[in-house]
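Analysis of the macromolecular model
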There are 2 protein chains.
Amino acid sequence: MTRAPNMPAPIEEEWPAVCLVRPQMGENIGAVARVMLNFGLTGLRLVAPRDPWPNVKAQNVAVGADRVLTAARVEWRLEDALADATLVVAATARPRGMEKPVWGPREAADKLRAAMAAGERPVVMFGPEAAGLESNEVARAEAILTLPVNPGFASLNLAQAVAVFAFAMADARQATSVPAWFHEGDGPPATHEELENLFAHVEAELDHGRFYHPPDKAPLMKRNLRAIFLRARLTQQETQTLRGVIKALTIGRGGRKKDDA
Amino acid sequence: MTRAPNMPAPIEEEWPAVCLVRPQMGENIGAVARVMLNFGLTGLRLVAPRDPWPNVKAQNVAVGADRVLTAARVEWRLEDALADATLVVAATARPRGMEKPVWGPREAADKLRAAMAAGERPVVMFGPEAAGLESNEVARAEAILTLPVNPGFASLNLAQAVAVFAFAMADARQATSVPAWFHEGDGPPATHEELENLFAHVEAELDHGRFYHPPDKAPLMKRNLRAIFLRARLTQQETQTLRGVIKALTIGRGGRKKDDA
């Protein structure tokens, strides 16, 4: 697929790796690969998958992320899958009474980004569907990742758990670059002179239409109407549009002469 | 299911509602219901689902969240699904060149929590698999939700997109309170039904005033005008005021009969 020159570059990060421990359904492995690449992660490891590997169901679900599957490292023993890691995190819903730090996704992402900046190679383990990681597997981890799930319905699909973690990693990547609010390249904002001209226009037409009654309420009514349009943060173009709207609404009713405007 | 006395209470929040627009696969609808309840959301709406409803595949995938499916509201028209909303957010990957605020999941969650604390009823729209929301659907929203996806592989599964949003809502539940967004003590916000009536009123009058020329530009011109008023976050009172404004501006010009309105 060619990319237009002004398109942002693809994001592919080898770390943190995602390690699925004893995964059962191929569909879930494929969904994990897909959502990892959605959020720019490419390092997938499988420990003792239940079904034969490579797996057609996984490939069908991975859609365009099949190369994450192809590149996945498959090991039979957990210790082999973790051998090159310098920092291991265990995703688990249940409190284990272990003396380990417990991180939410956001905190985990911040910690892992900091660790990677210092040259670390983190691996995050996710347990099999339904059962989750065993205690002796969790025991290998430096820290625990817990998602803020509903205590009344905590059983999260495997790929959904990875999705939340992968999102948190991507979110932490761009942490500071929050999208600006309004006026993003849709033209210059209106000046207050333009706004005053708009208000004067609509107020004159409303006066002609006997909108302001009783007359002593007119200042308050004008303020309320201004408040609406000020809050909308109009662009110059929009100010012109609204003046066109007023003209279209009042055309043909007669009364005010053109040079009143 | 009984709960041990020291278990934390289940979390079930009716708002924000999740609105799936023209969803195709039952499996995805079921996965959405499941992950919503995983993160404590219960308000599901479906607009024109492709397959017959209720749907066995959806039920199979929802596992323990089938009551979210059972309680789902099904509508054929998007405006009916949004009628009681006071704040609509459109999840869309593509920049649309519309004058709307663009939020990441975390920012969206903060804004929606603040809005709900002020009594608002937010609805978040997700488009169909592959195609996503159409421009005229996005045009109904006050704000856009965008996920920080990999530009090289941006196509996110529908349920994964909802998972990330639902997680962000749950994560913000435990975060500190942010300042409220708009509508601070100036009366109840307008519902989308009231907004649609306002838009219909002004559009009919503008049509009568021959505002829309050339005619093929009418949809774009309508979207631009909507964007202004959606951005202003009108209260019910202000919606009434603007309808009074339109009446005052058009009075006496003749043409449209009263019962056209």
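Take the pattern of salt bridges next. This structure, assessed with the given rule, holds 34 salt bridges over all chains. One salt bridge in this structure joins A:R106 and B:D171, with 3.0 Å as the shortest N-O distance. Here A:R106 is found in helix α5 (residues 105-117), whereas its partner B:D171 is found in helix α7 (residues 158-173) on a different chain. Exposure remark for B:D171: the relative accessible area of 14% places this residue in the buried category. Between B:E79 and B:R140 there is a salt bridge, with the nearest N and O atoms lying 3.6 Å from each other. Of this pair, B:E79 sits in helix α4 (residues 78-82) while B:R140 sits in the loop between α6 (135-138) and β7 (143-145), and the two are 61 residues apart along the sequence. When its relative accessible area of 27% is taken as the criterion, B:E79 is described as partly exposed. For B:R140, a relative accessible area of 14% translates into the label buried. A cluster of three or more residues bridged by salt bridges with shared partners is formed by B:R77, B:E79, B:D80, B:R140, B:E196, B:E203 and B:R226.

Further remarks concern the sheet that holds β7(B). All names here are of chain B. Here seven strands make up an open sheet; going across it, the order is β3-β2-β1-β6-β4-β7-β5 and the pairing parallel. Lying at the two open borders of the sheet, with one neighbouring strand each, are β3 (73-75) and β5 (102-103). Pairing of strand β4 (residues 87-91) with β7 involves three bridges; the strand directions are parallel. Residue A91 lies in a different strand from β7, and its bridge partner there is L145.

A few words now on the confidence of the model for chain A. Residue and element names in this part refer to chain A. For chain A, per-residue confidence averages 87 on the pLDDT scale, and 87% of positions sit at 70 or higher. Scored below 50 in pLDDT, residues 176-185 shows 18 contacts in the model against residues more than four places distant or in partner chains. Contacts for the low-pLDDT stretch residues 257-261, under 50 throughout, to residues beyond four places or in other chains number one contact. What the predictor reports for the complex is a pTM of 0.84 with an ipTM of 0.82.

A common measure of how large an interface is: the accessible area buried when the components associate. The partner chain B presents 68 residues to the 65 residues of chain A that form the contact. In this assembly, chain A packs against chain B so that about 5,900 Å² is buried in total across both faces, 63% of it on carbon and sulfur atoms. Contact with chain B buries area across many residues of chain A, yet A:F153, A:R231 and A:L249 alone supply 13% of it, more than any other trio. Counting across the interface, chain A meets chain B through three salt bridges. At the junction of chain A and chain B, the tally comes to 17 residue pairs in polar contact (both at pLDDT 80 or more). Residue contributions to the side of chain A that touches chain B peak at eight residues, all from helix α10 (residues 236-250) of chain A. When grouped by side-chain class, the residues that make up the side of chain A that touches chain B number 39 nonpolar, 16 polar and 10 charged.

What counts and what doesn't
- Residues numbered from 1 in each chain as written.
- Chains lettered and ligands numbered in written order.
- Predicted model: local features only at pLDDT ≥ 70, side-chain atom pairs only at ≥ 80, totals over all residues.
- Heavy atoms only, no water.
- Salt bridge = Lys/Arg side-chain N within 4 Å of Asp/Glu carboxyl O.
- Helix = DSSP H or I, 4+ residues; strand = E, 2+ residues; numbered from the N terminus.
- Buried < 20%, exposed > 50% of the residue type's maximum accessible area, 1.4 Å probe, protein only.
- Pairing = 2+ DSSP bridges.
- pLDDT = per-residue confidence, 0-100.
- Contact = heavy atoms within 4.5 Å.
- Buried area = accessible area lost by both parts, 1.4 Å probe.
- Polar contact = N/O pair within 3.5 Å; in protein donor to acceptor, adjacent residues only side chain to side chain.
- Nonpolar A, V, L, I, M, F, W, Y, C, P; charged D, E, K, R; others polar.

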